Amino acid sequence: MLQHVRHAEIMRRVRFAGVTSVRDLAAQLGVSPSTIRRDLEVLDRDGTLRRVRGGALAAVDADDLPFAQVASRDESDKDAVAARAARLVQDGDVVLLDIGTTTVRLARHLCGRRVTVVTSSLAVLDVLRGDPAVELLLLGGMLRRTYHSLVGVLTEQALRQVCADRVFLGAGGVRPDGQVTDSTLAEVPLKRAMMAAAGQVVLLVDRHKFPGSGALRVCGPEELDAVVTNGGADETTVRALTAAGAEVVLA
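Residues numbered from 1 in each chain as written. Predicted model: local features only at pLDDT ≥ 70, side-chain atom pairs only at ≥ 80, totals over all residues. Heavy atoms only, no water.

Participant: Teacher, can you tell me more about the sheet that holds strand E11 (residues 180-182) here?
Facilitator: Through backbone hydrogen bonds, the strands of a sheet pair up, either in parallel or in antiparallel fashion. Read from one edge of the open sheet, 3 strands run E10-E11-E13, paired in antiparallel fashion. Looking along the sheet, the strands with just one partner apiece sit at the ends: strand E10 (173-174) and strand E13 (216-219). Of the pairings in the sheet, the one linking E10 to E11 comprises 2 bridges and is antiparallel in character. Across the sheet, the residue bridging to Val174 is Val180, located in E11. Each of E11 and E13 is contacted by helix H9 (residues 188-196), which is oriented at about 10° to E13, the strand it contacts most. (Pairing = 2+ DSSP bridges. Helix = DSSP H or I, 4+ residues; strand = E, 2+ residues; numbered from the N terminus. Contact = heavy atoms within 4.5 Å. Axes fitted to C-alpha atoms, helices over the stretch in contact; angles between N-to-C directions.)

Printed below as a string of structure tokens:
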């Protein structure tokens, strides 16, 4: 079993049980206890779970925090990124907006524009539902109440019917080598499905997302067309993104 797949399965089992032991995880996943211990140490450092003697506890992360609490962090940087991203959108475009607090700010900057917005974010819906200029398509799925969004297999299947000009993605972090990561198990496959449904992939990450957080790989830097971030973002990571072919746009 690949490490990132094993990490995802460990997170799923810990979140379901609340607490679990090294012995149980080793037996369930068919690996040695020493391998599980190393995995738990990595996930603990990322803040995905809490390592305790003999096992692990579920940690409170962005999957559990109220949307408003996450949205209030680094507001000025997020809004600058969103405003700059809005300038990449042309009238008549079909755009996919990912779940996240920066994409909600982007939605606000698209108010009054002759564009089509496709999303599973109920927060984006709240911003644009009364705007007659914007054609709004809401993807179905399972309600994730704490984060004002719809996720799951139904959302991913609906995306197979979508052909967007570009997708604006959020993420938990960007590693120094340019790898894009997240820690929310329900969002990673949705992000990948959105990427497959769009002609251009634009990552929205404020400077605090370098390196950010996340034990799950979303994509490599070579899969990004552009990254919109703030001045002051980690230079090593910016160079890695540029070397991989992504255009780095500073807000």
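Participant: Help me understand the environment of Val81 in this model?
Facilitator: If you trace the backbone, Val81 turns up in helix H5 (residues 75-86). A relative accessible area of 0% means that Val81 is categorised as buried. For the pair Val81 and Val249, spaced 168 residues apart in sequence, the C-alpha to C-alpha distance is 9.1 Å. Not counting chain neighbours up to four residues away, the residues in contact with Val81 comprise Thr102, Leu204, Val205, Asp206, Val228, Thr229, Asn230 and Ala251. (Buried < 20%, exposed > 50% of the residue type's maximum accessible area, 1.4 Å probe, protein only.)

Participant: It is not clear to me how the side chain of Asp98 should be interpreted in this structure. Could you clarify?
Facilitator: Turning to its location among the elements, Asp98 is positioned in the loop between strand E4 (94-97) and helix H6 (101-109). One polar contact links the side chain of Asp98 to the main-chain amide nitrogen of Gly170, over a distance of 3.0 Å. Setting aside anything within four residues of it in sequence, one finds Asp98 in contact with Thr103, Ser121, Phe168, Leu169, Gly170, Lys191 and Met194. (Polar contact = N/O pair within 3.5 Å; in protein donor to acceptor, adjacent residues only side chain to side chain.)

Participant: For this particular structure, what's the right way to read the nonpolar core?
Facilitator: Soluble globular proteins: nonpolar side chains tend toward being buried together. Ranked by internal contacts, the top residues of the largest apolar core, which has 48 residues, are Ile10, Leu96, Leu203 and Leu224. For this core, the secondary structure elements donating two or more residues are helix H1 (3-17), helix H2 (22-29), helix H3 (33-45), strand E9 (164-169), H9, strand E12 (198-204), E13 and helix H10 (235-243). In terms of residues, this core owes the most to one element, H9, which gives 5 residues. What Leu224 contacts, discounting residues up to four positions off in sequence, is Val180, Val201, Leu203, Cys219, Leu241, Gly245 and Ala246. (Core = buried A, V, L, I, M, F, W, Y, C linked by side-chain atoms within 4.5 Å.)

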